[in-house]
2 protein chains.
Amino acid sequence: MTLSLSDIQAAHERIKPYIIKTPVLRLHNLEEILGCEVYVKLENMQRTNAFKFRGVMNALLQLTDEELSRGVVTSSSGNHGHAIAYASKTLGIKATVGVPDTAPPFKLQKIEEHGAEIIPTTVEERFKLQDSLVEEFGYTLIPPFNDYRIMAGQGTVGLEILEQLPEVDHIFVPTSGGGLISGIGTAVKETTNTVKIHGVEPANLPKFSESLKNGELTQVENKGTIADGLVSIIPGEKNFSVVQKYVDTFHTVSEEAMKKGQKLMLMEAKILTEISSSIAIGGILNGEIEVNPEDKVCFVITGGNLGFDQLDYIKDTDY
Amino acid sequence: MTLSLSDIQAAHERIKPYIIKTPVLRLHNLEEILGCEVYVKLENMQRTNAFKFRGVMNALLQLTDEELSRGVVTSSSGNHGHAIAYASKTLGIKATVGVPDTAPPFKLQKIEEHGAEIIPTTVEERFKLQDSLVEEFGYTLIPPFNDYRIMAGQGTVGLEILEQLPEVDHIFVPTSGGGLISGIGTAVKETTNTVKIHGVEPANLPKFSESLKNGELTQVENKGTIADGLVSIIPGEKNFSVVQKYVDTFHTVSEEAMKKGQKLMLMEAKILTEISSSIAIGGILNGEIEVNPEDKVCFVITGGNLGFDQLDYIKDTDY
């Protein structure tokens with residue numbers, strides 16, 4: 001089994017009543033500094049302020065009534081947990097989220113706000129916890145990635161970009177486990193051969209770059225990153241084969257460049273992004289990724305969840 | 001003489017090659033909290049990050065070759081000075097801006113960046129200075145408002161809203177001297193009678209509310225406001241008669257509400273606005289302005305020029 005365009009089209013029909021068709025904007029004011037035609041797909045304006053809601057909704061809408069009545073579980077301190085909580089509230093079902101003690105209060109609050117049950121855990125214990133909850137209460141596990149329902153949901157971002165910007169030449173996708181890029185890659189490459197797909201990951205966590213070089217799943221050392229949405233140390237297995245097939249290039253970007261990208265987006269484009277979302281723009285700005293002036297480049301802005309205090313990160317950043 | 005729809009249409013044709021047709025976005029994620037359908041016209045994404053560029057460009061493009069060759073002058077520490085500097089660079093002409101010593105370094109830098117000559121002055125001396133520069137060097141004075149060319153340029157915002165959101169019910173316009181609202185009012189009311197126009201000003205500087213009540217231009221006491229784009233103490237004379245004719249209601253908003261509006265826009269809509277631009281959203285959020293759930297409400301986001309440090313204003317603001 002793999003992911004196909006028709007899965008993504010079916011996911012789109014399924015989730016359309018619930019998601020926001022987020023805008024694609026041209027950012028004229030960034031074009032001189034980045035050196036290409038700049039477009040952004042604003043998933044930071046999605047429900048729960050991240051693309052994760054698409055995949056979660058696509059998974060939940062395929063559960064049976066009995067599964068729905070028992071509820072769902074996941075473990076996440078980030079946008080996936082937030083999406084699970086909000087989607088469950090929307091569908092009127094019970095959600096339980098194992099939240100590691102490393103989670104920032106801001107994320108915890110969002111998950112709580114939507115009425116999910118929070119069970120404190122640790123990074124090490126969290127998967128054991130969720131498995132035990134599945135066993136004890138019969139909850140259905142909704143993983144953050146490496147799941148075809150999730151990948152198909154995320155892929156709807158690609159369908160919308162093609163519809164909103166059919167003349168696009170390049171799409172840059174921030175990548176952690178690879179659910180989003182494998183979804184977008186499948187949606188785009190099974191529709192047209194005129195668009196190039198580029199993955200971008202922190203230089204401190206080059207799991208896709210290394211895995212692609214080695215031709216096999218490769219776990220990298222966790223050197224840490226400020227991009228709290230891009231912390232995977234190994235590609236999802238189901239995602240990796242799609243990435244091998246459909247992604248044109250993969251890029252790594254420095255921590256400094258990500259901060260520059262976030263600050264540029266905020267101060268010049270007037271758009272608040274998570275630092276993970278600005279990785280490709282930061283890479284270009286800092287000379288780590290090349291583009292051409294005639295290229296129509298679409299950057300997927302994956303999310304905008306950050307606490308006001310986190311802006312301190314970029315207080316002293318110049319771009 | 002007054003302002004007419006055809007002046008604004010002519011202005012639009014004139015400035016189209018230079019301006020950004022800024023997006024109108026629906027902000028689904030603010031609708032529950034504000035209690036209406038929420039749309040924003042994003043002039044913070046305009047060239048120079050403010051609507052002021054439209055009026056300035058419309059004025060400059062009507063100068064004779066001789067006037068252009070002599071150059072232009074204005075006095076402004078804010079978005080008008082920035083727009084004059086950038087527009088002059090675009091047209092390859094000389095600009096001189098009298099900048100009062102109260103101007104924040106951030107604004108000064110923007111004016112300098114675009115190559116305008118800066119002459120330091122004071123708030124009290126600035127008009128005398130610009131008059132003496134006109135006399136000595138033959139510069140053409142481009143005032144920030146109370147000028148039909150400027151008003152016509154600003155009115156193009158209204159034409160674009162009608163085109164981008166023909167079903168709009170209400171348009172809220174932050175108001176200082178009144179150039180923008182008289183332009184938008186004329187553009188909209190001479191096209192359709194189905195849209196209501198609402199002015200919004202700081203409660204500390206209720207010059208339009210007072211003038212409308214008194215039926216004549218009324219200067220108000222300067223109690224100060226954090227909304228640095230809304231500091232006029234008296235309506236522009238040419239603007240006032242248009243406002244009397246075309247504006248449906250005028251609202252005053254507290255300082256606290258403006259801060260709430262700015263923070264809501266940043267944290268929930270992911271859009272960075274000047275505090276002046278969030279005045280209507282803040283007013284609704286804080287219960288100072290009423291709207292109805294079935295209303296399609298468009299908020300003009302007039303600008304997004306602020307230094308990173310200015311975000312400190314809203315550090316402790318809850319919404």
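Residues numbered from 1 in each chain as written. Chains lettered and ligands numbered in written order. Predicted model: local features only at pLDDT ≥ 70, side-chain atom pairs only at ≥ 80, totals over all residues. Heavy atoms only, no water.

1. Thoughts on the state of the cysteines
Here's step 1: Counting across every chain of the model gives 0 disulfides over all chains.
Here's step 2: Note on Cys-36 of chain A: no disulfide assigned, nearest cysteine sulfur contributed by Cys-298 of chain A at a separation of 11 Å. (Disulfide = S-S within 2.5 Å.)

2. A short note on the environment of Glu-136 of chain A
Here's step 1: Along the chain, Glu-136 of chain A falls in helix α7 (residues 126-137).
Here's step 2: Each C-alpha atom of the pair Glu-136 of chain A and Lys-223 of chain A lies 36 Å from the other, and the pair is 87 residues apart in sequence. (Helix = DSSP H or I, 4+ residues; strand = E, 2+ residues; numbered from the N terminus.)

3. Examining the interface of chain A and chain B
Here's step 1: If you look at the interface, chain A gives 27 residues, while chain B gives 27 residues.
Here's step 2: Summing the contributions of chain A and of chain B, the shared interface buries around 2,300 Å²; its carbon and sulfur component is 63%.
Here's step 3: Looking at the side of chain A facing chain B, the largest losses of area belong to Asn-29, Lys-270 and Phe-308 of chain A, adding up to 31% of the total buried there.
Here's step 4: Joining chain A to chain B, the criterion identifies 2 salt bridges.
Here's step 5: For Lys-110 of chain B, the salt bridge goes to Glu-268 of chain A, with nearest N and O atoms at 3.5 Å. (Contact = heavy atoms within 4.5 Å. Buried area = accessible area lost by both parts, 1.4 Å probe. Salt bridge = Lys/Arg side-chain N within 4 Å of Asp/Glu carboxyl O.)

4. A short note on the packing of aromatic side chains
Here's step 1: With the rule as written, the count across this model stands at 10 aromatic pairs over all chains.
Here's step 2: Plain terms: the ring middles of Phe-208 of chain A and Phe-240 of chain A are 6.4 Å apart, the flat faces sit at 40° to each other, and that makes the pair tilted. Residue Phe-208 of chain A is located in helix α10 (residues 207-214), and its partner Phe-240 of chain A is located in helix α11 (residues 237-246); the two are separated by 32 residues in the primary sequence. For the residue pair Phe-208 of chain A and Phe-240 of chain A, the accessibility class agrees, reading buried in each case.
Here's step 3: Here the aromatic rings of Phe-53 of chain B and Tyr-86 of chain B are separated by 5.6 Å at their centres, their planes lie at 70°, and the arrangement is edge-to-face. (Phe/Tyr/Trp six-rings, centres within 6.5 Å; stacked < 30°, edge-to-face > 60°. Buried < 20%, exposed > 50% of the residue type's maximum accessible area, 1.4 Å probe, protein only.)

5. Overview of the pattern of salt bridges
Here's step 1: Using the criterion set out here, one finds 34 salt bridges over all chains in the structure.
Here's step 2: Across the pair Arg-26 of chain A and Glu-31 of chain A runs a salt bridge, and its minimum N-O distance is 2.8 Å.
Here's step 3: With a shortest N-O distance of 2.7 Å, Lys-41 of chain B and Glu-160 of chain B are connected by a salt bridge. Highlighted residues: Lys-41 of chain B in strand β2 (residues 37-42) and Glu-160 of chain B in helix α8 (residues 148-164), separated in sequence by 119 residues.
Here's step 4: Lys-41 of chain B gets classed as buried once you look at its relative accessible area, which sits at 0%.
Here's step 5: Glu-160 of chain B gets classed as buried once you look at its relative accessible area, which sits at 1%.
Here's step 6: The structure contains a network of salt bridges with shared partners spanning Arg-26, Glu-31, Glu-37 and Lys-296 of chain A.

6. Points about the domain arrangement of chain A
Residue and element names in this part refer to chain A.
Here's step 1: We note that the domain assignment places domain 1 (5-51 + 147-316) and domain 2 (53-141) within chain A.
Here's step 2: Inter-centroid distance (C-alpha atoms) of domain 1 to domain 2 is 24 Å.
Here's step 3: Counting residues at the interface gives 27 residues for domain 1 and 19 residues for domain 2.
Here's step 4: In total, domain 1 and domain 2 occlude about 2,000 Å² of area from one another, counting both sides; carbon and sulfur atoms represent 60% of this.
Here's step 5: Per-residue buried area on domain 1 facing domain 2 is highest for Tyr-18, Thr-48 and Arg-149; these three make up 35% of the total on that side.
Here's step 6: Our count for the contact surface shared by domain 1 and domain 2 stands at 3 salt bridges.
Here's step 7: At the boundary of domain 1 with domain 2, the tally comes to 11 residue pairs in polar contact (both at pLDDT 80 or more).
Here's step 8: Secondary-structure elements contributing two or more residues to the side of domain 1 that touches domain 2 are α1 (5-15) and α8 (148-164).
Here's step 9: If you tally residues by element for the side of domain 1 that touches domain 2, the top one is α8, at 8 residues.
Here's step 10: The class makeup of the residues in the side of domain 1 that touches domain 2 is 11 nonpolar, 8 polar and 8 charged. (Domains from an automatic or database assignment. Polar contact = N/O pair within 3.5 Å; in protein donor to acceptor, adjacent residues only side chain to side chain. Nonpolar A, V, L, I, M, F, W, Y, C, P; charged D, E, K, R; others polar.)

7. What to know about the nonpolar core
Here's step 1: Counting residues in hydrophobic clusters, the biggest one holds 63 residues, and the most contacted among them are Val-40 and Phe-299 of chain A together with Val-40 and Phe-299 of chain B.
Here's step 2: Of all the secondary structure elements, the ones that give two or more residues to this core are β2 (37-42), α12 (255-267), α13 (279-285) and β10 (296-301) of chain A together with β2, α12 (255-269), α13 (279-285) and β10 (296-301) of chain B.
Here's step 3: Sequence-distant contacts of Val-40 of chain A, defined by excluding residues within four places in its chain, comprise Pro-23, Val-24, Leu-25, Leu-27, Met-265, Ile-271, Ile-281, Cys-298, Phe-299 and Ile-301 of chain A. (Core = buried A, V, L, I, M, F, W, Y, C linked by side-chain atoms within 4.5 Å.)

8. Some remarks on the sheet that holds strand β7 (residues 170-174) of chain A
Residues and elements named next belong to chain A.
Here's step 1: Sheet architecture is open: 6 strands sit in the order β1-β2-β10-β7-β8-β9, paired in mixed fashion. With one partner strand each, in any of the chains shown, β1 (24-26) and β9 (249-253) form the two edges of the open sheet. Shown here is a sheet whose adjacent strand axes are inclined to one another by a mean of 25°, direction ignored.
Here's step 2: In terms of strand pairing, strand β8 (residues 196-202) meets β9 through 5 bridges, oriented parallel. Across the sheet, His-198 pairs through a bridge with Thr-249, a residue of β9.
Here's step 3: Across the sheet, α12 lies against β2, β8, β9 and β10, angled at about 90° from β9, the strand it touches most. (Pairing = 2+ DSSP bridges. Axes fitted to C-alpha atoms, helices over the stretch in contact; angles between N-to-C directions.)

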